[in-house]
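Geometric and topological summary
Residue strings, one per chain:
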Amino acid sequence: MKIAVIGGGKLGTSVTKALVGGGNEITVIDTDESVISRIQNTFDVMTLEKDARNSKVLADINIKDYDGIICCMDDDEKNIFVASLAKKLGCKYTIARVRGPEHVEQMDLIKSNFGIDYVTNSDLACAAEMYKFFTEKHGFSGKKFSIGAAEVLELSISQVPDMMGKMLKDAAKELGGLLLTAISRNGKIIIPNGNTELLEGDHLYVAGTSGKVKSFRKQLKFAGREDRLKRVMIGGGGKTGFFLAQMLEEAGVSVKIIETDKARCEYLSESLEKALVLKGNASDMELLAEENIYEMDGFVAATNSDETNILLALMAQKRNVKNVIAKVSSTYYNSITEDFDETMTINPVDMCTSNILRKFAQGSSITFTKMVQGQAEFVEVLAEEGMPLTASTLLNVDIPEGVLVATVTRGNEVIIPTGNTKIEAGDKVVILALLTKVGDLEALLKKQ
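Quick summary incoming for the structure in this document. (Residues numbered from 1 in each chain as written. Predicted model: local features only at pLDDT ≥ 70, side-chain atom pairs only at ≥ 80, totals over all residues. Heavy atoms only, no water.)

Structural notes on the sheet that holds strand β11 (residues 203–209)
Cut-off, in case you're wondering: In this scheme, strands are said to pair when DSSP sees at least two bridges between them. Helix and strand definitions follow DSSP, with helices as H or I runs of at least four residues and strands as E runs of at least two, each counted in order from the N terminus. Here the axes come from fitting lines to C-alpha atoms, over the contacting stretch only for helices, and the angles between their N-to-C directions go from 0 to 180 degrees. Only heavy atoms enter the contact rule, under which two residues are in contact if any of them lie within 4.5 Å.
Strand order across the open sheet formed by five strands is β7-β8-β11-β9-β10, with antiparallel pairing between neighbours. Every other strand in the sheet has two partners, leaving β7 (144–147) and β10 (188–190) as the edge strands with one partner each. The sheet shows a mean angle of 25 degrees between the axes of neighbouring strands, taken without regard to direction. With seven bridges joining them, strand β8 (residues 150–156) and β11 adopt antiparallel strand pairing. The residue of β11 that forms the bridge with Leu155 is Leu204. The sheet contacts of helix α9 (residues 210–218) involve β7, β8 and β11, and relative to β11 the element is tilted by about 135 degrees.

Set out below in structure tokens:
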């Protein structure tokens, strides 16, 4: 596909990296010389140091011949305008990042009036995954969802106690023919292998046929509802913190927000019905102690600084807060966040990149996607001749770490694959991939 990326910041860079992995023809446009230089030195793409708001810039690259444009500058209005302009000039599919809370209630109006096919809001999506993490951890286990002919069941390892303390290769027989595709452990998604030890507190995602999932579910031990989520503290009253506070308020959760900016505090106080908004530095331990951080059921580090969020998460962890979430937008800190013992980290850039790529994949080989805790996604793929995925048996296909082939549907048969399974053209394949591996997944599905 031929795609224009407007804005070479974190999101623009992430999207470009993933799209290049899929073999697309990319043009990146940005007004900043240093950004363009960095993109040129990193990727084999066409670049322009221009202002895309000028219709001549888009006309000169023949935007009418492009399959899509992704507007991901730091300004909502600029993104809306450029996406609208590109549509008027004949671009087939337009995507705009729109983050402002004031736009959330009028997303449909924006799309219909400005000719935008898809609006992405990373802060809203991030807040939704945080909310889901809290409510699922304090709710009822044993839920399931369908991906084509296959089903995925979510459960706590406490519901299959015979698996606890064992390596997966020794405990797999307890799953009744299902495949353990992912483990949520202390807020992190792990794609297991045979040597992965199953620990107390693990949350499991198992996949298989509808009949086997139904049979297995009947054998689970249900302890009922866990303690209800009552109190959450949010460090940082930006867009993510605001959206999350709204969701928690509606669920009857008591929310405290700590924000440094006075004007922002006033906005939050006026816009939220029940949340207590405090002006202060969320990294001030005396303030956190005064506000009873020790009694919180959850703490969210959602400032605009990755470094501050990492520090806040560590501080909350040491104060024995049960559920800690940190928003970390840069992959630069992956080596640090991977070592967090009790903290869920969520990367809004990775989430947004995945959402954008899946929109371009509609009508192609990817037929369904499902996000898992904002860190991984299940993808159903229609296998085609020429994909690396179909080149040989799975044992001999170069499947990157962080990517797992979960099920294969061939006709009416759902297969739990082994290393000897060969994917055939026409198979429907469910793949689980970490969002950090989205570029590798694209390369795996690219037809040669």
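Description of unusual backbone geometry
The backbone of Asn292 shows a phi angle near 65 degrees, a positive value even though the residue is not glycine. Among the structural elements, Asn292 can be located in the loop between α12 (285–290) and β15 (298–301). Despite not being glycine, Asn320 has its phi angle at roughly 65 degrees, a positive value. Position of Asn320 among the secondary structure elements: in the loop between α13 (306–318) and β16 (323–327).

Observations concerning the environment of Ser254
Going by this rule: Remark: exposure states derive from per-residue accessible area (1.4 Å probe, protein chains only) relative to the maximum for the residue type, with buried under 20%, exposed over 50%, and partly exposed in between.
Among the structural elements, Ser254 can be located in strand β13 (residues 254–259). For Ser254, a relative accessible area of 42% corresponds to the partly exposed category. For Ser254 and Ala275, which are 21 residues apart along the polypeptide, the C-alpha to C-alpha distance reads 6.7 Å. Beyond its immediate sequence surroundings of up to four residues, Ser254 is in contact with Lys230, Arg231 and Val232.

Points about the pairing of strand β1 (residues 2–6)
Across the five residues of β1, four count as buried, placing the element largely inside the fold. The sheet contact formed by β1 and strand β2 (residues 25–29) spans five bridges and is parallel. Within β2, the position partnered with Ile3 by the bridge is Ile26. In this sheet, strand β4 (residues 68–71) lies alongside β1 in parallel orientation, the contact comprising four bridges. Bridge assignment links Ile3 to a residue of β4, and that residue is Gly68.

Topic: the packing of aromatic side chains
Basically, it comes down to this: Note on aromatic pairs: the rings of Phe, Tyr and Trp (six-membered ring only in Trp) are paired at centre separations within 6.5 Å, and the planes decide the class, stacked below 30 degrees, edge-to-face beyond 60, tilted for the rest.
For the structure on display, the rule yields three aromatic pairs. A ring pair is formed by Phe133 and Phe134, whose centres lie 6.0 Å apart and whose planes are at 55 degrees; its orientation type is tilted. Phe133 sits in the buried class, given a relative accessible area of 7%. Since its relative accessible area comes to 0%, Phe134 is described here as buried. Considering the side-chain rings of Phe242 and Tyr267, the 5.8 Å spacing of their centres and the 45 degrees angle between planes classify their relative orientation as tilted. Taken together, the residues Phe242 in helix α10 (residues 239–250) and Tyr267 in helix α11 (residues 262–271) connect sequence positions 25 residues apart. With relative accessibility at 5%, the residue Phe242 sits in the buried group. Of the aromatic side chains, those joined through ring pairs into one cluster are Phe242, Phe243 and Tyr267.

Regarding the nonpolar core
Inclusion rule: Working definition of a nonpolar core: buried Ala, Val, Leu, Ile, Met, Phe, Trp, Tyr and Cys residues. They are joined through side-chain atoms within 4.5 Å.
Judged by nonpolar contacts, the single largest core of 30 residues is most densely connected at Phe134, Val232, Ile234, Leu248, Ile257, Val300 and Ile325. Of all the elements in the fold, those that place two or more residues in this core are α7 (122–137), β12 (231–235), α10, β13, α11 and β17 (343–346). For this core, the leading source of residues is α10, giving six residues. Aside from chain neighbours lying at most four places away, what touches Phe134 is Leu229, Val232, Leu248, Gly298, Phe299, Val300, Asn323 and Ile325.

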